Amino acid sequence: MASVIIVYSTTDGHTRKICERLRSVIEKQQHEVTLTELKPGTAIDLGPFERVVIGASIRYGKHRPEVAEFVEENIETLRSKTGAFFSVNAVARKPEKRDPDTNPSVRKFLQSISWKPPVIGIFAGKIDYPKYGFVDKTMIRFIMWITKGPTDPNGVFEFTDWDAVDAFADKISSLTAA
């Protein structure tokens, strides 16, 4: 049995939903899992955990700045632990954008940080137009229009491949010590 911490940053809550699914699958494999939301200025002690998973959503092509800051502040600990990273974004609704080499935002993020996680997952997120304010709704609809995605301002569109999330959880469960 391993102790796993999943540190996540979410914009609208869908990344947390993915984290809860990861926790459920990993706990079924007899591991202990702690979920912790990363907020600006949050101090999180990774020391007690054998495995560290960091998950982050993307908005307008970027992860929140506190994700990279957290990685850099904890780089030595991350290098000494077994770890994984995953990103949640609407671009990944297209199957060809679910790889770190083909998802431009994830590729750019990974190039900007010192940590090179051995396991990387990219999951399609959710667009919830009714939940957004005017500016976000307008911007996201415009981006979706350009990329041939859904633009119905009253629609909620979940693109997440839950089987891929479960497979990622299985990878985390089977990781060996760093």
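Quick notes on the rules
- Residues numbered from 1 in each chain as written.
- Predicted model: local features only at pLDDT ≥ 70, side-chain atom pairs only at ≥ 80, totals over all residues.
- Heavy atoms only, no water.
- Helix = DSSP H or I, 4+ residues; strand = E, 2+ residues; numbered from the N terminus.
- Rg over C-alpha atoms; globule rule 2.2 N^0.38 Å.
- Contact = heavy atoms within 4.5 Å.
- Areas by Shrake-Rupley, 256 points an atom, 1.4 Å probe, with all protein chains shown as cover.
- Lys, Arg positive; Asp, Glu negative; His and termini not counted.
- Charge placed at Lys NZ, Arg CZ, Asp CG, Glu CD.
- Salt bridge = Lys/Arg side-chain N within 4 Å of Asp/Glu carboxyl O.
- Buried < 20%, exposed > 50% of the residue type's maximum accessible area, 1.4 Å probe, protein only.
- Phe/Tyr/Trp six-rings, centres within 6.5 Å; stacked < 30°, edge-to-face > 60°.

K.L.:
Please provide a residue-by-residue account of the overall build of the protein chain, values included.
P.N.:
Scanning the protein chain for helices and strands turns up six helices and eight strands. Secondary structure elements of the protein chain occur, N-terminal to C-terminal, as β-α-β-β-β-α-α-β-α-β-β-α-β-α. Computed over C-alpha atoms, the radius of gyration of the protein chain comes to 16 Å, within 12% of the 16 Å expected from 2.2 N^0.38 for 178 residues, which places it in the range of a compact globule. Considered along the principal axes of its C-alpha atoms, the protein chain spans approximately 45 × 30 × 30 Å. Within the protein chain, contacts between residues separated by at least 24 positions form 77% of all contacts whose residues are at least 6 apart in sequence. By element, 52% of the accessible surface of the protein chain is carried by carbon and sulfur atoms, the whole surface being about 9,000 Å². Averaging the locations of the 25 positively and 23 negatively charged side chains of the protein chain gives two centres separated by 6 Å.

K.L.:
Describe in detail the pattern of salt bridges, supporting the description with residues and values.
P.N.:
Oppositely charged side chains may form a pair once their charged atoms are brought near each other. All chains considered together, the criterion is met by seven salt bridges. Notably, a salt bridge pairs Arg 21 with Asp 166, separated by 2.8 Å at the nearest N-O pair. On the criterion of sequence distance, the pair formed by Arg 21 in helix α1 (residues 14–28) and Asp 166 in helix α6 (residues 162–174) is long-range, its members being 145 residues apart. Residue Arg 21 is classed as partly exposed on the basis of its relative accessible area of 31%. Overlapping salt bridges, with partners in common, bring together Asp 12, Arg 59 and Asp 136 in one network.

K.L.:
Let's hear about the packing of aromatic side chains: which residues, and what values?
P.N.:
Under the counting rule described, the total for this entry stands at seven aromatic pairs. With a centroid separation of 5.7 Å and 55° between ring planes, the pair formed by Phe 86 and Phe 123 is classed as tilted. Placement of the pair is Phe 86 in strand β5 (residues 82–89) and Phe 123 in strand β6 (residues 119–124), with a sequence separation of 37 residues. The exposure class of Phe 123 is buried, given its relative accessible area of 4%.

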